[in-house]
Amino acid sequence: AHVQKVRRMAHGKVTITVDEYSSNPTQAFTHYNINQSRFQPPHVHMVDPIPYDTPKPAGHTRFVCVSDTHSRTDGIQMPYGDVLLHTGDFTELGLPSEVKKFNDWLGSLPYEFKIVIAGNHELTFDKDFMADLVKQDYYRFPSVSKLKPEDFDNVQSLLTNCLYLQDSEVTVKGFRIYGTPWGRPGVSGWWGFNLPRGQSLLDKWNLVPEGIDILMTHGPPLGFRDWVPKELQRVGCVELLNTVQRRVRPKLHVFGGIHEGYGIMTDGYTTYINASTCTVSFQPTNPPIIFDLPNPQAS
């Protein structure tokens, strides 16, 4: 029997349950593509980026999306816009020196608002990860394991030039924006903010309120810019996709994490932007992506 993915409660609230294919995104993608054409036209389309010199329409806000800059911001040409969205991996390892350098770069940018989330490379931002690392006999990250707790206990306070979101929400220029850093166990071993697929990640997605205009996650939802060619597999989260499409329905979902997935898609309601600045070889050559949204009507 087909497992029902969504239950509508009596009062209309949508509850997302763990997908039967949750642990195998490539299989999930194939299943839903064959049975529902879920990731093909007319349901889903690729989108060309807006050229930077396109005039911003009246009554709109221009968002500038970047991700996975990995302490390689020096040569990035930043376009005009109102609000910067950075969806994580702004450092190599989350070292305080890297965070300071990133914060200095943010301070040099002219955007009215800058909103940042962490990614799996911001090791020091993940308190549980750091506690485990300190307990290990061997150190996979020597430069991180040399840090004293007082060096990183309050590392996010170094981000003075942005609004930092971690399972939290901010309203900017009338837009409700929610940011969360969590993702799957990394392909190349365990990094920060990694949780097992299924209920553990779904518990985090369930924290995202309905009515959000923009969702910022570090990693992709299933089927949207989540293909890893080298491994011939999809790595996006099925529960994240179901949360975005069936419950939260933001106008914009920005993420990174999968450098190879850079680009834009839409399902006709939500626009999905993988804004990874670095390529798979860690060259910061993917241009920032701009996106204009109509300003929310003042209630």
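Cut-offs and rules
Residues numbered from 1 in each chain as written. Predicted model: local features only at pLDDT ≥ 70, side-chain atom pairs only at ≥ 80, totals over all residues. Heavy atoms only, no water. Buried < 20%, exposed > 50% of the residue type's maximum accessible area, 1.4 Å probe, protein only. Helix = DSSP H or I, 4+ residues; strand = E, 2+ residues; numbered from the N terminus. Arc of directions from axis to C-beta. Polar contact = N/O pair within 3.5 Å; in protein donor to acceptor, adjacent residues only side chain to side chain. Pairing = 2+ DSSP bridges. Contact = heavy atoms within 4.5 Å. Axes fitted to C-alpha atoms, helices over the stretch in contact; angles between N-to-C directions. Core = buried A, V, L, I, M, F, W, Y, C linked by side-chain atoms within 4.5 Å. Phe/Tyr/Trp six-rings, centres within 6.5 Å; stacked < 30°, edge-to-face > 60°. pLDDT = per-residue confidence, 0-100. Disulfide = S-S within 2.5 Å. Expected span 1.5 Å × (residues − 1). Right-handed = clockwise from strand over helix to strand, strands pointing away.

A.B. asks: Kindly report on helix 3 (residues 127–135), identifying the contributing residues and their values.
C.D. replies: Among all positions of helix 3, only F129, M130 and L133 are buried. In an axial view of helix 3, the angular spread of the buried residues amounts to 95°, which keeps them on one side of the axis. Exposed residues on helix 3 whose side chains face more than 90 degrees from its buried face are D128 and K135. Where helix 3 begins, one side-chain oxygen reaches toward the backbone nitrogen of D128, 3.2 Å away; that side chain belongs to D126.

A.B. asks: Any chance you could break down the sheet that holds strand 7 (residues 163–164) for me, citing the residues and the numbers?
C.D. replies: The sheet built from five strands is open, its strands ordered 7-6-5-4-16 with mixed pairing. Both edges of this open sheet fall to strand 7 and strand 16 (289–294), since each of them pairs with a single strand only. Two strands pair when backbone bridges link them, and strand 6 (residues 113–117) and strand 7 are joined in this way by two bridges, in the parallel orientation. When the sheet's bridge partners are listed, I115 is paired in strand 7 with L163. Sheet strands in contact with helix 2 (residues 96–107) are strand 5 (83–87) and strand 6, and its direction is about 155° off that of strand 6.

A.B. asks: I'd love a proper account of the nonpolar core, names of residues and values included.
C.D. replies: Grouped together as the largest cluster of nonpolar side chains are 58 residues, with contacts concentrated most on L106, L123, F125, F141, V144, L159 and F224. Among the elements of the structure, strand 2 (14–16), helix 1 (25–36), strand 4 (60–66), helix 2, helix 3, helix 6 (199–205) and helix 7 (238–248) are those that each provide at least two residues to this core. Leaving out residues up to four positions away in the same chain, F125 has contacts with F90, V99, A118, V155, Q156, L159, Y164, Q166 and F193. Judged by nonpolar contacts, the second largest core, of 21 residues, contains I117, L165, I214 and L252.

A.B. asks: Lay out the packing of aromatic side chains with the relevant residues and their values.
C.D. replies: Applying the stated criterion to the full structure yields 12 aromatic pairs. When the centroid spacing of 4.7 Å and the interplanar angle of 20° are considered together, the rings of F29 and F39 count as stacked. Of the two residues, F29 is situated in helix 1 and F39 in the loop between helix 1 and strand 3 (45–47); the sequence distance between them amounts to 10 residues. On the basis of relative accessibility, which here comes to 8%, the residue F39 falls in the buried class. Their ring planes at 85° and their centres at 5.1 Å tell us that F63 and F175 sit as a pair that is edge-to-face.

A.B. asks: How would you sum up the sheet that holds strand 10 (residues 214–217)? Please name residues and give values.
C.D. replies: In spatial order, the strands read 3-14-15-13-10-9-8; together these seven strands make up an open sheet with mixed pairing. Sheet topology places strand 3 and strand 8 (168–172) at the edges, where each strand pairs with a single neighbour. Within this sheet the neighbouring strands show an average axis-to-axis angle of 20°, counted without direction. Strand direction decides the pairing type here: strand 13 (residues 252–255) and strand 15 (residues 271–274), joined by four bridges, are parallel. Counted as the bridge partner of H253 is Y272 from strand 15.

A.B. asks: Can you tell me about the confidence of the model for the protein, naming the residues and giving the values?
C.D. replies: Mean pLDDT over the protein: 92, with 93% of residues reaching 70 or higher. Considering only residues more than four positions removed or in separate chains, one finds that residues 1–6, a stretch of pLDDT under 50, has 15 contacts.

A.B. asks: Give a detailed account of the state of the cysteines, specifying residues and quantitative values.
C.D. replies: The full count for this structure, using the stated rule, is zero disulfides. The closest cysteine sulfur to the non-disulfide-bonded C162 is located on C65, 15 Å from its own sulfur. The exposure class of C162 is buried, given its relative accessible area of 15%. We note that C278 lacks a disulfide partner, and the nearest cysteine sulfur, in C65, lies 16 Å from it. Residue C278 is classed as buried on the basis of its relative accessible area, which comes to 0%.

A.B. asks: Break down helix 2 for me, with residues and values.
C.D. replies: The terminal C-alpha atoms of helix 2 lie 16 Å apart, and with 12 residues this matches the ideal 16 Å at 1.5 Å per residue to within 8%. The inward-facing, buried residues of helix 2 abut strand 5, strand 6 and helix 5 (149–152).

A.B. asks: I'd like a rundown of the pairing of strand 5, residues and numbers included.
C.D. replies: Summarising burial for strand 5: five of the five residues are buried, a large majority. Of the two faces of strand 5, the one lined by V83, L85 and T87 and the one lined by L84 and H86 are each fully buried. Sheet topology places strand 4 next to strand 5; four bridges connect them, and they run parallel. Bridge assignment links C65 to a residue of strand 5, and that residue is L85. Bridging between strand 5 and strand 6 involves five bridges; their strand directions are parallel. Following the sheet pairing, V83 is matched in strand 6 by F113. Considered for its hand, the β-α-β crossover made up of strand 5, helix 2 and strand 6 is right-handed.

A.B. asks: Describe the pairing of strand 4, and please don't skip the residues or the numbers.
C.D. replies: Burial runs high along strand 4: six of the seven residues are buried. The pairing of strand 4 with strand 16 spans six bridges and is antiparallel. Residue V64 lies in a different strand from strand 16, and its bridge partner there is I290.

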